[in-house]
Amino acid sequence: RDFNERCAQCSEVNWGLTDGGRFYCRSCHNVTERTREVVNTDFITNSRVQTISKGLRKQEKNDGGSEWYICEGFQLVLKKQVEALEALGVCPQMKDEILCNFWRCYLQKSKQAYCKRPAGEAVKALSVCESSTDVDSDPERPSLLHLLSLSESEGELQTDCSFASSVSKVSESTSVYSGSVDGSLYLMKNQKEKLRMTMPMTLSFCYMALLWVREPITLSELLRFVVEGHIPYLNVFQHFPEKMKLCGLDLKIFCVESWPVYEEVFNKMHELAAFLDLPRFPDITESCFLHPDMLCMKYLMEANLPDELHNWTCRVVKKIGIGEVDFLTLMPGNNSTRKVKYDVLAVAVIVVVLKLLFLLDDHYECFSVISFISSQTKVYIFYSGGPYFEFKKWYEVVKHSLDVEQKKLDEDRAKYLWRCEKPLFYSVKNKSKVLKRRQMVVNLQNQFGRLSGSVQRAEKPNPSSFQLSWSEENTDGSCFHGHSLKGILQEKCGLLKAMNPDYWLCTVKLCNEKLCGHLAHYKDVEFPQSYHFVLGLFSFLLRVQPSYIHDEVCMIEHKLFNKKLCKKLKYNTVLRK
Amino acid sequence: SSNEHKLNFKKSKEACLSYIQDALLQKQWKRAAEFLTCYVESLEKDYSREHVGPSEMIWRIGSEILWHHSQNSMKEFNCFMEQMKTLGVKRYLKVCLEHVFHLLCNGQIDEAYQNLSLAESWRFGEQTAIQDKEMKLIQAYRGLLDYCSWSKQKNILLEQSEDGFSDLAVEREMHGYFRKAAVNLKEIIKIPGVWDIFVKCYVDLLEFYGDHNEARQVLNEYAYNSKFPANPNAHVYLYQFLKRQGESKKSLISSLKILHDIVPSHELMIDFNTMLQKSSK
């Protein structure tokens, strides 16, 4: 850490550590023979601690812990998360090069490290807290009770009433408020301009890095892996080293009691990219996994839809220009372009294609000639290649599987265990109470676990990209990938066209997204059952609300029928009541 | 907004509870236990604003499951109840009482008595005064069990006298139980309420020891005091007592008047009618 020699090759002072414990110059990658004496990799991952003022840091506090800052905690969280991603197969550069640099850049921009100011601020906070005997005496500074009641996206912890009452009696050191040095400062300041770090934001960091490297993991997949436990998030603080004592306000920062939502992580990511002044991200081209053509293929397979539909999704993508590099690639800070949700976009395209071909008005798709005939004969209609695709049959098969999976998911959600072994207490005072409670919980869990025959929690399922899978080898005919669309298509001038001449728009007019946050408002009773089902299917796969996908569908439709909409206000729309 | 659909701790536990509820209604004890295992960590959260907190939920649901589960042994049940007693001091006596009921249902009279005695000696600052009602109930039930013991001793004594000898020790014990029972039974029936079994037992004791005046007073209070809820049994007991005492038809008839009003279909109405006809009114 105190290695301040200039590099022999490039004369820079920018040292890092190799795996072997040797110093290497980050600018020119020159490896030296000097090795680090003390091995303490747990505490700080990178050697950025030298920038935190050494004068303030006391090594040992009386309870065996040492001083630590909130951003150090987050750094550890990120480290754990990216290691988990690596275990999932993400390229190793993401950790050492991409995420690392993003994080350092963030620290610099938010003035938490790599600059001269942070120590001064911390000193100010400490002295202010120490000098006042009564917490509520300063009317301008928000009281601790107020801080505790701040409920942000993840700070929904209900305040421990006993803590709240004990706080007003406390007048000694700031260590009661939080285990970290700057816990209270962190929550107190209005840090909107500086983009205060939160737990959901760690996922934004991860997603941003994944996007930069163009890894084949969509945001919805990332969030699903988090919920399934493959990526640390929920109780990641239990991996903090012993010396980093977590208590008081730290809990509000690091303990989450809700799963992050797609929209939240997505929006934060864009905010972050702009905040960091990042340049244009690497191009998303046709060969990229995140390109709509690729993602459509994936989701078509997962939704058990015929492969032939892929031609149609590609046609739609091309027609409205959402396959263009400039449309898909992220340009941070550019507010004029719509931010692309790759996965939601792809499934929305599929929904539009289904509407184009099958109308999805609860009549056309059910009563096509093909299904009429087949319902009489109770067999699939075959042509020379294979069976014709029938929406109704597809619906029955998929609905069955979806219901089973949805039921499992609902039960799993009810069975989540949010707490972990590491006890959390707001203050040293209620430590024994917390430990007693924990013991009782463990006892009860054992007792009733024995009764139900499941003392051990079921093993986490292996992470997989596909939640629903359909095999062509199944003889029950439940796989529709190879089915043909011939039944609903007709040939005209060498081109295949849909027999269905109609289309209904989800909404004639798009809302102003900036005003009400949405492009459209989805109420399932106002739309056909088939449409609702299709939205529900993709909503399950992506773990987002159906309205979220509906918005995207509206957007695509308006792009697709743009000319016609402009020409005629009353296009051939069949609006649901 | 998307935040409404966020899955958080609270919603997760609410869902968990509804699964438990469904399982209980369908008597699927194993499944209920499975979900309860996941619910118990709610104890680590502060629910003081809620009307019914997780500790009460867990107590009630847990006792249901353990009581019905086939693998259950009283040992597990007792162990669980002891844990529940430590969970909420505001509920301590209630939990004790319910535990006693379960023990009684299982025929464990001695254990029930022990628990009652233990509960009776519990003191916890102002809580003792707040939980006064439960304390009275506990004392009343102990009185009831004392009555049972008295009854047992009485029968032994009667058998012995038939065989021609008497055991002073048994007699002394019997009197001891009487004193203990009488004190507590008398206390509980002072409070307006439905105390059928307590009244019956108390009157039985009084009659045995020849205190008919007290018995009559007790029964009159029970039947006629307007503070007590309307209770057909009160009048039945009074009538039966008066009959035993050989009271006049007039007083017998008047004792059945209110019963006639509130339960015209009562079987004693046959006697009532007979008596009325005979008295030609």
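Criteria and thresholds
Residues numbered from 1 in each chain as written. Chains lettered and ligands numbered in written order. Predicted model: local features only at pLDDT ≥ 70, side-chain atom pairs only at ≥ 80, totals over all residues. Heavy atoms only, no water. Patch = residues over 30% accessible without salt bridge, like charges linked within 9 Å, V, L, I, M, F, W, Y side chains within 5 Å. Areas by Shrake-Rupley, 256 points an atom, 1.4 Å probe, with all protein chains shown as cover. Salt bridge = Lys/Arg side-chain N within 4 Å of Asp/Glu carboxyl O. Lys, Arg positive; Asp, Glu negative; His and termini not counted. Charge placed at Lys NZ, Arg CZ, Asp CG, Glu CD. Helix = DSSP H or I, 4+ residues; strand = E, 2+ residues; numbered from the N terminus. Phe/Tyr/Trp six-rings, centres within 6.5 Å; stacked < 30°, edge-to-face > 60°. Buried < 20%, exposed > 50% of the residue type's maximum accessible area, 1.4 Å probe, protein only. Core = buried A, V, L, I, M, F, W, Y, C linked by side-chain atoms within 4.5 Å. Domains from an automatic or database assignment. Contact = heavy atoms within 4.5 Å. Axes fitted to C-alpha atoms, helices over the stretch in contact; angles between N-to-C directions. Parallel < 35°, antiparallel > 145°, perpendicular 65-115°, else oblique. Left-handed = near helix turned anticlockwise from the far one by under 90°. Expected span 1.5 Å × (residues − 1).

1. Section: a negative patch on the surface
A cluster of acidic residues, Asp307(A), Glu308(A), Glu472(A) and Glu473(A), forms a negative patch on the protein surface. Looking at where Glu473(A) falls in the secondary structure, it is placed in the loop between α17 (431-452) and β4 (489-492).

2. Quick word on the packing of aromatic side chains
As enumerated under the stated definition, the model contains 41 aromatic pairs over all chains in all. Each ring, one from Trp103(A) and one from Tyr106(A), has its centre 5.4 Å from the other, and the planes form 25 degrees; the classification is stacked. Of this pair, Trp103(A) and Tyr106(A) both sit in helix α2 (residues 93-109), three residues apart, which is roughly one turn of the helix. Note on accessibility: Trp103(A) and Tyr106(A) belong to one class, buried. Ring geometry for Tyr19(B) versus Phe35(B): centroids 4.8 Å apart, planes at 5 degrees, classification stacked. Pair noted here: Tyr19(B) is in helix α1 (residues 9-25) and Phe35(B) is in helix α2 (residues 29-39), with a separation of 16 residues, a long-range link.

3. Quick word on the nonpolar core
Core analysis: the largest hydrophobic core is formed by 146 residues, its most contacted members being Tyr106(A), Phe205(A), Met208(A), Phe254(A), Leu357(A), Trp394(A) and Phe538(A). When residues in this core are grouped by element, the largest group, 14 residues, is from helix α14 (residues 342-358) of chain A. There are two domains that each give this core at least three residues, and those are domain 2 (70-112 + 195-278) and domain 3 (301-376 + 386-407 + 475-565) of chain A. Apart from residues no more than four positions distant in its own chain, Met208(A) is found in contact with Phe102(A), Met269(A), Leu272(A), Ala273(A), Leu276(A), Leu278(A) and Phe281(A). Membership of the second largest hydrophobic core comes to 46 residues, among which are Leu24(B), Trp29(B), Ile58(B) and Leu87(B).

4. Points about the packing of helix α10 (residues 196-208) of chain B against helix α11 (residues 212-224) of chain B
Residues and elements named next belong to chain B. Running from N to C, α10 and α11 cross one another at 160 degrees; their axes reach a closest spacing of 8 Å. One finds that α10 runs roughly antiparallel with respect to α11. In terms of crossing hand, the pair formed by α10 and α11 is left-handed. Residues Asp196, Val199, Tyr202, Val203, Leu206 and Glu207 of α10 form the contact with α11, whose participating residues are His212, Glu214, Ala215, Val218, Leu219 and Tyr222.

5. Details of helix α7 (residues 199-213) of chain A
Taking 1.5 Å per residue as the helical rise, α7(A) with its 15 residues ought to reach 21 Å, and the 22 Å between its terminal C-alpha atoms agrees with that figure. Just beyond α7(A), the residue with positive phi is Arg214(A), at close to 60 degrees.

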